[in-house]
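Per-entry structural report
Each chain, letter by letter, is given below.
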Amino acid sequence: MKSPLGRPTAVILLAGESRRTWPLTANFPKPLLPMWGRPLTERVLDGLRGVVDTAILVVGYRKERVLSHFGDSYRGIRLVPVEQVQARGTADALRAAAAVLDTRALVINGDDYYHGDDLAAVASHPTAILCQKASDPWNRATVAVDADGWLRDVEEKPANAPAWALSSIGAYSLRQEDLSHLGEVGESVRGELELPDLIRILIRVRGVRAVLAKKPWIPLTYPWDLIGRIAPLFLSDPPGSGASLIGLETTGPGTGRKARLLGDGAQVAPGAQLEGPVELGPGASIGAGARVERAVLLAGARIGPGAFVQDTVLGNGASVGRGAQVLSGPVRRIRVRSHVARVGVPAVGACLGDGARIAPGAVTAPGFLLGPGKRYPDGA
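Note that this is a predicted model, so its numbers are computed, not measured.

Let's talk about the overall build of the chain
When its secondary structure is counted, the chain shows eight helices and 28 strands. Across the 380 residues of the chain, 57% fall into the buried class. The long-range share in the chain, meaning contacts at least 24 apart out of those at least 6 apart in sequence, stands at 59%. Put simply, the chain shows about 15400 Å² of open surface, and 49% of that area lies on carbon and sulfur atoms.

Here you go:
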């Protein structure tokens, strides 16, 4: 879809520490977490090809690692880094980018996957917001839309929102004159400057179009989302429209329960049983006789012989010992450091930070989190 307004400049918000993805991001930037073999932000940029010529990367946490990975261009898109010195919210991040913007903006969350067709659709309007029904609207901003497609209201992170409420999914088309209202955004109850508050101002000033996303959208909010948000796509049952996700490669025979992706040097020993999707990063391994159901292993992670692992994410160099059982099940809430997470996926196993170890023979309950370098003891 070609916009008569000309191409915008993308503003990708990547600055946050992402405490909700702890322990994976305790030492590792969220933009580089793998999404079926490729860093998340590469997937985001892929969706922008043909929609923008330039993308501003608003960076902060672990910025050196992010910028060294991407350099100054990606597949024909010019990349311009801007630092958000202090993580004060999404509106503050946009304010940092506004200083170098000389066109209208297509602002998107850096930890969400959007289909290019939907990004083109929202960019075809001068001032607009991309919306879709969300399984966890309490993590997002719910929206009210009139019969003509104009936004009536937006509410950030409503505690009592019902599942599958229509929500903002973090993509906005904004004119340069819209950005002049950033100075009117005050601190939220969370102590941050938030984009939904800017949108609420723009509703009053000139009106905001609500554009419904028609293709799959994958938010990666918590560690288990690396599996929980992607698994339904490979089982031909994505949330929302039911369309397939284009562009996710698989080295296994098909994209259902057999889906697996092995990075360079990754190994699966004879006799191991895998129920997909299962992703192994470079140098990761699964031992003989192990049974693994839906898992992501980052670089160098290991699952020992005879272990049983379900719905689990292992950080770089993390390991599950011989015969250990990492169990999965429905969990309503999990405390992630100081944040209590309402889980939006059907089942949760464990998440291990970089270098964390579950000892041989140990058994862990659903929702188990283990910090970087920590060890869960023998026979526990």
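The discussion continues.
So, the sheet that holds strand β28 (residues 375–376)
If you trace the six strands from one edge of the open sheet to the other, you get β14-β16-β18-β20-β25-β28, paired in parallel fashion. Looking at the sheet topology across the chains shown, the edges are occupied by β14 (267–268) and β28. Alignment of strand β16 (residues 285–286) against strand β18 (residues 302–303), held across two bridges, turns out to be parallel. Each residue of the ladder has a partner; that of Ser-285, found in β18, is Arg-302.

Overview of the pattern of salt bridges
All chains considered together, the criterion is met by 19 salt bridges. Across the salt bridge formed by Asp-178 and Arg-206, the nearest N and O atoms sit 2.5 Å from each other. With a gap of 28 residues between them, Asp-178 in helix α5 (residues 176–179) and Arg-206 in the loop between α6 (195–205) and β11 (209–212) connect regions that are remote in the sequence. Residue classification places Arg-206 among the partly exposed residues on the basis of a relative accessible area of 31%. Where Glu-275 meets Arg-294, a salt bridge forms, and the shortest distance between an N and an O atom there is 3.0 Å. Residue Glu-275 is found in strand β15 (residues 273–280), and its partner Arg-294 is found in strand β17 (residues 291–297); the two are separated by 19 residues along the sequence. Sharing partners across several salt bridges, the network here consists of Glu-275, Arg-291, Glu-293, Arg-294 and Asp-311.

With respect to the packing of aromatic side chains
By the definition in use, this model includes three aromatic pairs. Pairing Tyr-222 with Trp-224 gives two aromatic rings, centres 5.1 Å apart and planes at 15°, and the pair type is stacked.

Concerning the nonpolar core
Counting 57 residues, the largest nonpolar core has Ile-12, Leu-48, Leu-106, Ile-108 and Trp-224 as its most contacted members. Per-element accounting of this core gives the leading share, five residues, to helix α4 (residues 116–123). Contact partners of Leu-48, with chain neighbours within four places excluded, come to Ala-10, Ile-12, Ile-77, Leu-106, Ile-108 and Leu-119. Counting residues in hydrophobic clusters, the runner-up holds 34 residues, among them Val-58, Val-80, Val-185 and Leu-202.

What to know about the pairing of β15
Most of β15 is tucked away, with six of its eight residues classed as buried. Relative to β15, strand β13 (residues 260–262) runs parallel, the two sharing three bridges. From the neighbouring strand, Leu-262 faces β15, where its bridge partner is Leu-280. Taken together, the six bridges between β15 and β17 define a ladder with parallel strand orientation. For Glu-279, the partnering residue across the bridge sits in β17 and is Val-296.

Some details on unusual backbone geometry
Of note, the amide linkage connecting Trp-22 to Pro-23 takes the cis form, showing an omega dihedral of 5°. Looking at the element boundaries, Pro-23 is found in the loop between β1 (9–13) and α1 (40–48). One non-glycine residue with positive phi stands out, namely Ser-18, at about 60°. Here Ser-18 shows up in the loop between β1 and α1.

Quick word on α4
Within α4, seven of the eight residues are buried, leaving the element largely enclosed by the surrounding structure. Those residues of α4 that fall on the buried side of the exposure criterion are Gly-116, Asp-118, Leu-119, Ala-120, Ala-121, Val-122 and Ala-123. Where α4 is buried, its residues touch α1, β5 (105–109), β7 (128–134), β10 (165–174) and β11.

With respect to the pairing of β10
Along β10, nine of the 10 residues are buried, which leaves the element largely enclosed by surrounding structure. One ladder, built from six bridges, connects β7 with β10; its direction is antiparallel. By the bridge assignment, Cys-131 is partnered in β10 with Ser-168.

The rules we used
- Residues numbered from 1 in each chain as written.
- Predicted model: local features only at pLDDT ≥ 70, side-chain atom pairs only at ≥ 80, totals over all residues.
- Heavy atoms only, no water.
- Helix = DSSP H or I, 4+ residues; strand = E, 2+ residues; numbered from the N terminus.
- Buried < 20%, exposed > 50% of the residue type's maximum accessible area, 1.4 Å probe, protein only.
- Contact = heavy atoms within 4.5 Å.
- Areas by Shrake-Rupley, 256 points an atom, 1.4 Å probe, with all protein chains shown as cover.
- Pairing = 2+ DSSP bridges.
- Salt bridge = Lys/Arg side-chain N within 4 Å of Asp/Glu carboxyl O.
- Phe/Tyr/Trp six-rings, centres within 6.5 Å; stacked < 30°, edge-to-face > 60°.
- Core = buried A, V, L, I, M, F, W, Y, C linked by side-chain atoms within 4.5 Å.

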